[in-house]
Amino acid sequence: MTTPRLVEVTVDNVEDACDLKVAKHQRDYVAPVACSLAEAYVRYDVAWPRLIYAGKKLVGFVMAAFDPDNPTDYYRTYLWRLNIAAKHQKKGYGRFAVEAVLAEARRRDAESVTVSWMPGKHSPGPFYLRLGFQPTGEMDDDEIVARIRL
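Definitions and cut-offs
- Residues numbered from 1 in each chain as written.
- Predicted model: local features only at pLDDT ≥ 70, side-chain atom pairs only at ≥ 80, totals over all residues.
- Heavy atoms only, no water.
- Helix = DSSP H or I, 4+ residues; strand = E, 2+ residues; numbered from the N terminus.
- Rg over C-alpha atoms; globule rule 2.2 N^0.38 Å.
- UniProt positions renumbered as here; feature names shortened; annotations may be inferred.
- Core = buried A, V, L, I, M, F, W, Y, C linked by side-chain atoms within 4.5 Å.
- Buried < 20%, exposed > 50% of the residue type's maximum accessible area, 1.4 Å probe, protein only.
- Contact = heavy atoms within 4.5 Å.

Details of the overall build of the protein
Piece 1. Helix and strand counts for the protein stand at four helices and seven strands.
Piece 2. Listed by position from the N terminus, the elements making up the protein come as β-α-α-β-β-β-α-β-α-β-β.
Piece 3. Here the C-alpha atoms of the protein give a radius of gyration of 14 Å, agreeing with the 15 Å that 2.2 N^0.38 yields for 150 residues.
Piece 4. Based on the C-alpha atoms only, the size of the protein along its principal axes is roughly 40 × 35 × 25 Å.

What follows is the structure, encoded as structure tokens:
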């Protein structure tokens, strides 16, 4: 694995970001990057979108929300999106992205980070559980909410 790094979304890389595609069987479980960037645009005060590069190659996208005053506890520090390009999965880039979000949350003095997922055959739930997230017992619509303490 080439050492990954996070890069802010800019005018120079936004088009490539919007072209990033997860595996076909995962498309029902995560929104396209373009939708995430639109949400980041309208929630610019809390959204933290980043691209994941390995060398010069775009391999993924991660977005967190840092909203300490949100009335819903699990939205205060939230791993909002994670998209790893289909041909770059199983190389550690997803783990890197989650660890980067956790590091940013620690930097902001958060006590925990939450994530949610839809259950199903190709759900990302097992990935998050392997990283240490634990279900809270809450549901966000039809998604399981999980938390990791920092």
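Don't stop here, the text continues.
Re the UniProt feature "domain: N-acetyltransferase" (unreviewed entry) in the protein
Piece 1. Here the UniProt feature "domain: N-acetyltransferase" (unreviewed entry) sits at residues 4–150.
Piece 2. Secondary structure within residues 4–150 divides into 25% helix and 35% strand; the distance between the first and last C-alpha atoms comes to 22 Å.

Here we look at the nonpolar core
Piece 1. Ranked by size, the top nonpolar core spans 25 residues in total, and within it Leu 79, Leu 82, Val 98, Val 113, Tyr 128 and Phe 133 carry the most contacts.
Piece 2. Counting residues per element, the ones that place at least two in this core are strand E2 (47–54), strand E3 (57–66), strand E4 (77–84), helix H3 (93–107), strand E5 (112–117) and strand E7 (143–149).
Piece 3. Among the elements that line this core, the one with the most residues is H3, at six residues.
Piece 4. Apart from the residues within four sequence positions on either side, Leu 82 is in contact with Val 30, Ile 52, Phe 61, Val 62, Gly 94, Ala 97, Val 98, Phe 127 and Tyr 128.
Piece 5. Listed in part, the 16 residues of the second largest apolar core include Leu 20, Ala 47, Ala 65 and Trp 80.

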